[in-house]
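Residue-level structural notes
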Amino acid sequence: PNPDLIEGFVRNRVLMVSGAGGSIGSELAKLIARSLPEKLVLLEANEHALYQIDRELRDIGSFHLVPVLGSVTNPQVLDTVLRTHKVDAIFHAAAHKHVPLVEANVIEGVRNNVFGTRLIAEAAFRHGVKNFVLISTDKAVHPTSVMGATKRWAEFIVTHYGNAAIKAGTDQRFCAVRFGNVLGSNGSVVPLFREQIDRGGPITLTDEKMTRYFMSIHEAAELIVQAGALSSGDDLFLLEMGEPVRIRDLAENMVRLAGLSLRTAENPLGDIAITITGMRPGEKLTEELLYEPGLATPTSQPKILRARRNASVGSNVLAALARLERTLEKGDAGKLRAQLFEFVQDTRREAR
């Protein structure tokens, strides 16, 4: 990491992390706490998660820590927090991220991931927040899941407010940071495989050919903060994730690292078996970070790339949001899902 980028973005500033009790949010909060902010606002809807991260941060540094129990879907909470604390920068990590669960709960996924992002980005724009950083995902590229589609909408929303800030000359900087899986995050395969190994197996694998990008939570947090520091307006950043990992190889390596052996046809007395369960709704075999490979440009931080910016992307998102909101209010999950993907398809030719 470039310590100057991190310290310059954090030191003596008021920062807020939404979803501060989650895997990425809590790691961001800890990194910020060690970088001497003036104040850190923790916004979290889960009471226990907020209690845990607040307690942990009390032992780090001397700064003003503000735990806020509330959701990004509550505009009154957002207005009160931003008005009261004069926030300089927001890291928006709050989202429902578990693909099968969001697939089965379309209405809540859209309410939280799409309209929660709209509310916090709009509030940031209105209250003059200088930096807004959306935590996005590689699942937003050619999405096949509701979760991926909602995060693509979130990117469009951030693009809209970034463009609005540029046109208004407010010197506010909105950006999104897109990356793959982080090792050990809540709901990810690593803790699941570890739990299955501890129980004596079997390890459940959805498909032999499935691959994913991985990086550590700490590395992701460092790069997210640095991306925020590099933002010049409306930016989409991609984190350099290295080569994709075959999930089968990951499972086998975890068994060996636990000092155990695989149970196979050739080794029927092995400790841990691997069973194939089939892909779940919305899952992809492989992930990608960019709509148009080869068009990303390097930044001063080798692990961060900047995607080609297209000012027209997100220009019609407000009208699409109005249509989506009417469907959300009717509680029509099927139509909501259809609209979600239709807009992504319609804008694909403009996508980065």
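About the cut-offs
- Residues numbered from 1 in each chain as written.
- Predicted model: local features only at pLDDT ≥ 70, side-chain atom pairs only at ≥ 80, totals over all residues.
- Heavy atoms only, no water.
- Pairing = 2+ DSSP bridges.
- Helix = DSSP H or I, 4+ residues; strand = E, 2+ residues; numbered from the N terminus.
- Contact = heavy atoms within 4.5 Å.
- Axes fitted to C-alpha atoms, helices over the stretch in contact; angles between N-to-C directions.
- Expected span 1.5 Å × (residues − 1).
- Buried < 20%, exposed > 50% of the residue type's maximum accessible area, 1.4 Å probe, protein only.
- Arc of directions from axis to C-beta.
- Phe/Tyr/Trp six-rings, centres within 6.5 Å; stacked < 30°, edge-to-face > 60°.
- Salt bridge = Lys/Arg side-chain N within 4 Å of Asp/Glu carboxyl O.
- Core = buried A, V, L, I, M, F, W, Y, C linked by side-chain atoms within 4.5 Å.
- Parallel < 35°, antiparallel > 145°, perpendicular 65-115°, else oblique.
- Left-handed = near helix turned anticlockwise from the far one by under 90°.

**What about the sheet that holds strand 5 (residues 131–135)?**
The strand order across the open sheet built from nine strands is 3-2-1-4-5-6-11-16-15, with neighbouring strands paired in mixed fashion. In this open sheet, the two edge strands, each paired with only one partner strand, are strand 3 (64–69) and strand 15 (297–298). In this structure, strand 4 (residues 89–92) lies alongside strand 5, joined through four bridges in parallel fashion. Across the sheet, the residue bridging to histidine 92 is leucine 134, located in strand 5. Against the sheet, helix 2 (residues 23–33) touches strand 1 (14–18), strand 2 (39–44), strand 4 and strand 5, its axis set at about 165° to strand 1.

**A closer look at helix 11 (residues 317–330)**
For an α-helix, the turn length of 3.6 residues means that residues three or four places apart are oriented alike. Relative to the 20 Å expected for 14 residues at 1.5 Å per residue, helix 11 spans 20 Å between its end C-alpha atoms, a close match to the ideal helical length. Buried residues of helix 11: Val317, Ala320, Leu321, Leu324, Thr327 and Leu328, and no others. Buried residues along helix 11 cover an arc of 125° about the axis, so they all sit on one side. Every exposed residue of helix 11 that faces more than 90 degrees away from the buried side is listed here: Glu329 and Lys330. Check the buried side of helix 11 and you find it contacts helix 6 (106–126), helix 7 (146–168) and helix 12 (333–347). Downstream of helix 11 by one or two residues, glycine 331 has phi in the positive range, about 70°.

**As for the packing of aromatic side chains**
Each aromatic ring pair is specified by the distance between its two centres and by the angle formed by the two planes. Scanning the entire structure with this criterion turns up six aromatic pairs. Here the aromatic cluster, defined as three or more aromatic residues joined through ring pairs, consists of Phe125, Phe132, Tyr161 and Phe174.

**A short note on the sheet that holds strand 8 (residues 203–205)**
Pairing is parallel across the open sheet formed by three strands, whose spatial order is 8-14-13. At either end of the open sheet lies a strand with only one pairing partner, and these are strand 8 and strand 13 (262–263). The pairing of strand 13 with strand 14 (residues 272–276) spans two bridges and is classified as parallel. Looking across to strand 14, one finds that leucine 262 is bridged to isoleucine 272.

**Digging into the pattern of salt bridges**
Pairing is possible between side chains that carry opposite charge, provided their charged atoms lie close to one another. The full count for this structure, using the stated rule, is 22 salt bridges. Among the ionic pairs, glutamate 56 bridges to lysine 30, the shortest N-O distance being 3.4 Å. Pair noted here: glutamate 56 is in helix 3 (residues 47–57) and lysine 30 is in helix 2, with a separation of 26 residues, a long-range link. A relative accessible area of 16% means that lysine 30 is categorised as buried. Close ionic contact of arginine 199 with glutamate 195 constitutes a salt bridge, the shortest N to O distance being 2.9 Å.

**A word on the nonpolar core**
Core analysis: the biggest nonpolar cluster contains 52 residues, and Met16, Ile90, Val114, Phe132 and Trp153 have the highest contact counts within it. Examining the composition of this core, we find that ten residues originate from one element, helix 7, more than from any other. When near neighbours in sequence (up to four residues on either side) are disregarded, phenylalanine 132 contacts Ile90, His92, Ile120, Ala121, Ala124, Val158, Arg173, Phe174 and Cys175. Formed by 45 residues, the second largest nonpolar core is a distinct cluster that contains Val17, Leu31, Leu223 and Leu289.

**Looking at the packing of helix 4 (residues 75–85) against helix 6**
Between helix 4 and helix 6, whose axes approach to 10 Å, the crossing angle comes to 30°. Between helix 4 and helix 6, the crossing angle belongs to the class labelled roughly parallel. You can see that helix 4 and helix 6 cross each other, and the crossing is right-handed. Where helix 4 approaches helix 6, its residues Pro75, Leu78, Asp79 and Leu82 are matched on the opposing element by Leu119, Ile120, Ala123, Ala124 and Arg126.

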